[in-house]
Amino acid sequence: MVPVSPGPVRIPARGGDLPGTSTDMACTFPVVPAPKNTVRRPLLVASAVLLSTALTSPVALAAPKPSTSPSATPPAKMSTVGGARLGLPGTQVNLAGGVPVLPKGLSGRSWIVADAESGDVLAAHNAHWRLAPASTLKMLFADTLLPKWPKTTEHKVEPSDMAGIGSGSSMVGIKEDETYSVHDLWLGVFLRSGNDAVHVLSAMNGGVKNTVDEMNAHAEELQALDTHVVSPDGYDAPEQVSSAYDLTLFARSGMQKKDFREYCSTVSAKFPGETKKNKKGKKVRGSFEIQNTNRLLAGDYDVPVYQGIAGVKNGNTTNAGATFTGVAERDGKVLLVTVMNPRTNESNEVYKETAKLFDWGFEAAGKVEPVGELVPPRSAAEAQPGPSASAGEAGGSGDGAAGAGAKPVASAASGGGADGAGVALGIAGGVVALLAGGAFLVNRRWPLPDLVRRRPRP
């Protein structure tokens, strides 16, 4: 039995690296009663202004090269956005009576467990360590560009649209001179982590450079100051970095857009194929099925679907190793977990460690004292909105439905039928800061994906 300490516990930082591949792989928020958070919130919102000012110096915004050496260790001092404890190397958690011990065997170089709605960080390990992000950076890409076009907008792909895609990139299968809807392209981004889809959307947005500039500006607005974007798809690039803390901010912001929630909770969908002539000489265009590569959402031979999972994004590159940010709901609690670069070579380790941290977080929620918080965007900290702020859906286009041919998955209820089909969650709300109209509205409600059911297992 591991002795329990009544006070804060720090576990020394450990380095490591997981050799990856050049292929990237490819969402939901109810609340835990915590009266003390209500008292802290005005102070947290006010202090965010001071934090954002203190941390916008050239040193804080500098983007060092990603740490890829197996012997690399986190810096002794890192960003303190969200709290001083989060800037310390090693594991930060407040173990006390009734608080479960952290799971054994965690090898991720960086990870974080946070309450998606209150923003409380329940535990973290090297949360602000700047590392290569892989395709988890696509969460920032989507959060930045999703509101730009109605999903029915169509675009004919030019050869120049896909220039500069990195060798070995994950692709959804876009063909030149074919026309795709924005809805199709976003399915390609979220399900297959298609770098070809990212580059086509970037071309529609004025090009890769303009898109990168907008992503960096949006990251700064979200106070994700560990992040420096070089490539919009997350492909390895010199000085492209993010952190477990920042990736969690991206997921939390994105999840407040209905389209984002629907796309990232979709398990499989039909994607347009190539136009060809049939036997009669008539041009026809078929389709093929694409599957979400988030293993906690879709399952794999050694990873079961995680009960309550609803997204968000995974990735894998040579520099980054495996990375993943997930969101899940259980018994009225919604948690975000990010894991970066587990050091073991075991298959699907990033998902296994994420599942362990989810299990711990759901057991610890409401019992453990937070070690920090997920800060609101800079504009929200400056605006300090009052109770008169209006509710509403933030960002996204249209009604946010997943669309024809798409199969959303979601949080399965306990005690589902023998066929594996659970009861639809419907709309489960909770207290969350909501990004809308340039202001971060605190203490508003927003729903989990509303077409969510457990997929039958093979």
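Each residue is numbered by its place in its chain's sequence as written, counting from 1. Thresholds applied to this predicted model are a pLDDT of at least 70 for local features of residues and 80 or more for the giving and counting of side-chain atom pairs; totals over whole chains, interfaces and linings are not thresholded and use all residues. Side-chain numbers come from the whole structure's heavy atoms, not from hydrogens or water.

Trainee: Explain the overall build of the protein residue by residue, including any values.
Mentor: For the protein, the helix and strand inventory stands at 11 helices and 15 strands. The classification of residues rests on relative accessible area computed with a 1.4 Å probe and restricted to protein chains. Under 20% of the type maximum is buried, over 50% is exposed, and intermediate values are partly exposed. A total of 458 residues make up the protein; the buried ones form 58% of that total. Only DSSP runs of H or I covering at least 4 residues are called helices, and only runs of E covering at least 2 are called strands; the numbering of each starts at the N terminus.

Trainee: I'd like to hear about the nonpolar core, residue by residue, with values.
Mentor: Of all hydrophobic cores here, the largest spans 65 residues; its most connected members are Ile174, Trp186, Phe190, Tyr245, Phe250 and Phe260. If you tally residues by element for this core, the top one is helix H4 (residues 182–192), at seven residues. Not counting residues within four places of it along the chain, the set of residues in contact with tyrosine 245 comprises Val81, Gly82, Leu86, Ile112, Ala127, His128, Glu373, Leu374 and Val375. Residues belong to one nonpolar core when they are buried, are Ala, Val, Leu, Ile, Met, Phe, Trp, Tyr or Cys, and are joined through side-chain atoms within 4.5 Å. In this structure, Leu122, Val337, Val350 and Tyr351 belong to the second largest nonpolar core, which totals 33 residues. Whether two residues touch is decided by their heavy atoms; if any such pair falls within 4.5 Å, the residues are in contact.

Trainee: Which residues make up the environment of proline 103, and what values do they have?
Mentor: Mapped onto the fold, proline 103 is located in the loop between strand S2 (91–94) and strand S3 (108–115). Its relative accessible area of 22% is what places proline 103 among the partly exposed residues. Linking proline 103 and glutamate 353, residues 250 residues apart in sequence, is a C-alpha distance of 8.8 Å. Ignoring anything within four residues of it in the chain, the contact list for proline 103 reads Lys356, Leu357 and Trp360.

Trainee: Residues and numbers for the packing of aromatic side chains, please.
Mentor: Two aromatic rings, drawn from Phe, Tyr or Trp (for Trp, its six-membered ring), form a pair once their centres lie within 6.5 Å of each other, and the interplanar angle then sorts them: stacked below 30 degrees, edge-to-face above 60, tilted otherwise. Counting across every chain of the model gives nine aromatic pairs. Measuring from ring centre to ring centre gives 5.7 Å for phenylalanine 190 and tyrosine 263, while their planes differ by 15°; the resulting arrangement is stacked. Pair noted here: phenylalanine 190 is in helix H4 and tyrosine 263 is in helix H8 (residues 258–264), with a separation of 73 residues, a long-range link. These aromatic residues form a ring-pair network of at least three members: Phe141, Trp186, Phe190, Phe260 and Tyr263. In this scheme, Lys NZ or Arg CZ marks a charge over a ring once it lies within 6 Å of the ring centre and within 35 degrees of the ring normal. The lysine or arginine in question, arginine 285, covers the ring of tyrosine 180, its NZ or CZ lying 4.7 Å from the ring centre.

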